[in-house]
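Chain by chain, the residues:
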Amino acid sequence: SFLTRQSFLTRRAGRRSPLRSITSIFDSSSSEEPADLGPIPLQILARCEQLHAKIQPLNDRVRGPLERHSYKTTALPFVLLLGNHSSGKSSFVNYVLQRQVQTSGVAPTDDSFTIIAPGKVDVDQDGPSLVGDPDMGFSGLRHFGPPLVHHMQLKLRKDTAVSNFMLVDSPGMIDSPISKHSDFDKLDQSFDRGYDFEGTVRWFAERADVILLFFDPDKPGTTGETLRVMTKSLSGTDHKLHIVLNKADQFKKIHDFARAYGSLCWNLSKVIPRKDLPRIHTMCLPVANRSESAEMASMGSGLADLHSTRDVVVSEVFKAPKRRIDNMITRLADSVQLLSMHATISEKVRASFRRQMMIGYAQFIGVVLTCSSAVGGSLYLHLPHEASIILATTGLVGSGASFWFTKKVLEDEERRLLSSNGLNVIFESTYSGQIGEGDAWILSDWQRIRDRLQLNLKGIGLNNAEGVSNSELKELKSILNDEIPKLRRLAAPIDYSEMVKDGFSK
């Protein structure tokens, strides 16, 4: 079967470590493990997976922002392609592979996430088999449900221009009439495909080494799903995201190009919270059998600039294997930062509720003891039985009323703490120093975790929420402050510390 033949993907016979198989492909010019890399890439990848595995139990216990087995990487680096339908994603895949693999057309041609990987033979694999393979690294997609799993496929293709990374072609993005409301804002998350499309894109985007977001002249970023994906799914991925305005050779007049480009910039400005827009790669793909006169009709000599930009985008695609190490360190740092904030806020909320609960139960016990003392005193003083009965009845009523009042106060306190405003207040008080310094990263992380934190705490209740010890929080800080910088130094292309020692003389 193909599973035994594709040793670099499945490693069935003489199974190699996934880390070593990843390390062996960082040199895009050779399929052999380069000698000049030595053991450092392997050390970095191994340490990243060790640290991910180390924080996973805490994340699972407190229902943190990381999915289960989030530390597992894909078998090969990969490039994620997103965009509206007919924006040229499939055509770009075929161009990069230098082979016809994906079907392309004006109308939507594919409703699946398609992983194209290099192989020794041409073989297709369905979604359940792909997700069920523990070595491919896509098993985490199972929790999105059968509708997604059955809309995935793997294509192994031989004789392509790609030998050391995968391409992931996605369904074209569309407007979405069905949505789920968030308590924090008015942005919606659609489920009209039968699965959480934005969540799926987020899963791929976090693991991708390069992300290409395609737009075309007819739909320059106008679909609601595209805007939501940029806001929710692609947040925090700017360092590897490239925006592409494709098919620019279709413009016959310069003012048509200006109108489409301006429309795209306008739509991007709605979802990018800064004045400076990212670079937009304006490009086109070569068209077979197009005459020179037809090329001159398409914006004249500007076509050469479009071809040059296309070469830049393609070069970024082929950098995917070399970017895997930096991306893994970045993803580890991001995971630890999000888990640290989730655990810190969760513990603050739980501790605040516990304090109120101790106060309420102390008051209740105080009422019970007072009533019991009164009844005992009446019996000790040989008061009439009627007085003892009245005191006992009053004590029971008072104790019941105190218990009901305490329960009601705790319910109101839990509702207040878990409201959007209550969580925001705790966040602002906990991170007041960073907020005062204008730390935008802290605010961005909070926006990413607050919905899930609120949902999880409401689901289990504050009385059942797991506690987080100070030692566990210190361990997370140690990873951020000590481990991550060590990994960055190992992966750095230049050893600046040696330059300082040498006085910049070399």
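Right above here is the structure, for reference.
About the thresholds
The residue count restarts for each chain, going from 1 along the sequence in the order it is written. Totals for whole chains, interfaces and linings use every residue, but because this is a predicted model, local features are given only for residues with pLDDT of at least 70 and side-chain atom pairs only at 80 or more, for both listing and counting. The side-chain values count all of the structure's non-hydrogen atoms but skip hydrogen atoms and water molecules. Salt bridges are identified by distance alone: a Lys or Arg side-chain nitrogen within 4 Å of an Asp or Glu carboxyl oxygen. What counts as a helix is a DSSP run of H or I of at least four residues, what counts as a strand is a run of E of at least two, and both are numbered from the N terminus. Pairing of aromatic side chains requires ring centres within 6.5 Å, counting the rings of Phe and Tyr and the six-membered ring of Trp. Pairs whose planes differ by under 30 degrees are stacked, by over 60 edge-to-face, and all others tilted. To sort residues, take the accessible area from a 1.4 Å probe on protein chains only and compare it with the maximum for the residue type: under 20% means buried, over 50% means exposed, and anything in between is partly exposed. Whether a charge sits over a ring depends on NZ of Lys or CZ of Arg being within 6 Å of the ring centre and within 35 degrees of the ring normal. Note on geometry: axes are lines fitted to C-alpha atoms, helical ones only across the stretch in contact, with angles between N-to-C directions running from 0 to 180 degrees. To sort the angles, those under 35 degrees are grouped as roughly parallel, those over 145 as roughly antiparallel, those from 65 to 115 as roughly perpendicular, and the leftovers as oblique. For any pair of crossing helices, the crossing counts as left-handed if the nearer helix is rotated counterclockwise from the farther one by less than a right angle, and right-handed if it is rotated clockwise. Contact between two residues is taken to exist if any of their heavy atoms lie within 4.5 Å; hydrogens are not considered. By nonpolar core we mean a set of buried residues, namely Ala, Val, Leu, Ile, Met, Phe, Trp, Tyr and Cys, connected to one another through side-chain atoms within 4.5 Å. For two strands to count as paired, DSSP must find a minimum of two bridges between them.

*Asks:* Which parts of the structure should I look at to understand the pattern of salt bridges?
*Replies:* Between side chains of opposite charge, a pair can form as their charged atoms come close. One pass over the structure, following the stated rule, counts 18 salt bridges. Put simply, D412 and K408 hold a salt bridge, and the shortest N to O gap is 3.2 Å. Taken together, the residues span about one helical turn, with D412 and K408 both in helix α14 (residues 385–417) at a distance of four residues. Among the charged side chains, a network of salt bridges with common partners joins R61, E466 and E472.

*Asks:* It is not clear to me how the packing of aromatic side chains should be interpreted in this structure. Could you clarify?
*Replies:* The description of an aromatic ring pair uses the distance of the two centres, along with the angle that the planes make with each other. A complete count under the given rule lists 11 aromatic pairs for this structure. Here F78 and F138 contribute two aromatic rings whose centre-to-centre distance is 6.4 Å and whose plane-to-plane angle is 50 degrees, an arrangement assigned as tilted. One end of the pair, F78, is in strand β1 (residues 78–83); the other, F138, is in the loop between α6 (127–132) and α7 (146–149), with 60 residues separating them in the sequence. Neither F78 nor F138 differs from the other in exposure class; each is buried. Here a set of aromatic residues connected by ring pairs shows up, and it is made of F78, F113, F138, F197, W203 and F204. Here the basic side chain of R207 rests over the ring of W203, its NZ or CZ set 4.0 Å away from the ring centre.

*Asks:* Just to check I follow, could you spell out the packing of helix α15 (residues 420–430) against helix α17 (residues 440–460) for this structure?
*Replies:* Relative placement of two packed helices is described by the angle separating their axes and the distance separating the axes. With their axes 11 Å apart at the nearest point, α15 and α17 run at an angle of 140 degrees to one another. Here α17 runs oblique to α15, going by the angle between their axes. Note that α15 runs across α17; the crossing there is right-handed. Across the interface between the two elements, S420, L423, N424 and F427 from α15 touch I442, L443, W446 and Q454 from α17.

*Asks:* Can you walk me through the nonpolar core in this structure?
*Replies:* If you look at soluble globular proteins, the nonpolar side chains tend to sit buried side by side. Core analysis: the largest hydrophobic core is formed by 52 residues, its most contacted members being F204 and L234. Among residues more than four places away in sequence, those in contact with F204 are F78, L80, F113, F138, L141, M152 and V168. Counting residues in hydrophobic clusters, the runner-up holds 23 residues, among them L58, M328, A333 and L339.

*Asks:* Please clarify how the sheet that holds strand β8 (residues 210–215) should be interpreted in this entry.
*Replies:* Strands pair in a sheet through their backbones, by hydrogen bonds, and they do so in one of two ways: parallel or antiparallel. The sheet built from eight strands is open, its strands ordered β3-β4-β2-β5-β1-β8-β9-β10 with mixed pairing. The open sheet terminates on both sides in strands that have one partner only, identified here as β3 (123–126) and β10 (280–282). Neighbour-to-neighbour, the strand axes of the sheet open up by a mean angle of 20 degrees, direction not taken into account. With four bridges joining them, β1 and strand β5 (residues 166–169) adopt parallel strand pairing. Bridge pairing links F78 to M166 in β5. Contacting β1, β2 (113–118), β5 and β8, helix α5 (residues 89–97) crosses the sheet at an angle of about 165 degrees to β5. Together, β1, β2, β4 (152–157), β5 and β8 form the strand contacts of helix α8 (residues 197–207), whose direction differs from that of β1 by roughly 145 degrees.

*Asks:* I tried to follow the pairing of β2 on my own but got confused; where do I start?
*Replies:* Remark: a regular strand shows side chains that alternate across the two faces of the sheet. Taking burial as the measure, the six residues of β2 include six buried ones, the bulk of the element. As paired strands, β2 and β4 are joined by six bridges and run parallel to one another. Paired with A117 across the two strands is L156, which belongs to β4.

*Asks:* Please clarify how the environment of S235 should be interpreted in this entry.
*Replies:* Along the polypeptide, S235 turns up in the loop between α9 (224–233) and β9 (241–245). Distance from S235 to R448, taken between C-alpha atoms, is 8.3 Å for residues 213 residues apart in sequence. With residues near it in sequence (within four places) discarded, S235 still touches R202, M230 and R448.

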